[in-house]
Amino acid sequence: MTQTTCFAAWWAEARKRIRKESRECFDSLVVVVCWLIWKERNARTFDQHAVDALLDRIADELVAWCQGGLKHLEPLVLALGRLSGRTINSL
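Small disclaimer: the values here were computed from a predicted structure and weren't measured.

This next bit is on the packing of aromatic side chains. Taken as a whole and assessed by the stated rule, the structure comprises 4 aromatic pairs. When the centroid spacing of 6.1 Å and the interplanar angle of 45 degrees are considered together, the rings of Trp35 and Trp65 count as tilted. Taken together, the residues span a long stretch of sequence, with Trp35 in helix 2 (residues 23–47) and Trp65 in helix 3 (residues 54–67) at a distance of 30 residues. Given the relative accessible area of 36%, Trp35 is considered partly exposed. Accessibility expressed as a relative area gives 24% for Trp65, which makes it partly exposed. An aromatic cluster is defined as three or more aromatic residues linked by ring pairs; in this entry it consists of Phe7, Trp10, Trp11 and Phe26. Sitting over the ring of Trp38, Arg41 keeps its end group 4.9 Å from the ring centre.

Cut-offs used in this document
Every chain begins its residue count from 1, and numbering advances along the sequence as written. Only residues with pLDDT of at least 70 are given local features in this predicted model, and only at 80 or more are side-chain atom pairs given and counted; all residues enter the totals for whole chains, interfaces and linings. Each side-chain value is derived from all of the structure's non-hydrogen atoms; neither hydrogens nor water enter the calculation. The criterion for an aromatic pair is that two Phe, Tyr or Trp rings (for Trp, the six-membered ring) have centres within 6.5 Å, with stacked assigned to planes under 30 degrees apart, edge-to-face to planes over 60 apart and tilted to the rest. Starting at the N terminus, helices and strands are each numbered in turn, a helix being any DSSP run of H or I of at least four residues and a strand any DSSP run of E of at least two. Burial classes: relative accessible area under 20% of the type maximum marks a residue as buried, over 50% as exposed, and values in between as partly exposed (1.4 Å probe, protein chains only). Whether a charge lies above a ring is judged from NZ of Lys or CZ of Arg, which has to be within 6 Å of the ring centre and within 35 degrees of the ring normal.

Spatial relationships are all this shows, so hold off on functional conclusions.
Printed below as a string of structure tokens:
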């Protein structure tokens, strides 16, 4: 079994354990995390960048995606302690 098949099998099985109304959020989370891990791998491989705050970058990206219209990510963003909307600072 290839690694791709193992990951696909994990995703399919993990998805079954998520409530139906939360599966879209779960799928988006998996895609965002995989995409950022890939970007991190490329940065370390090709640019020799070491980024200590990968989890913060993932959370920031999830907030951006939520603000960009993927409102189904809002429960996750809020659970991470991030606000999905703009914060207005009073003077």
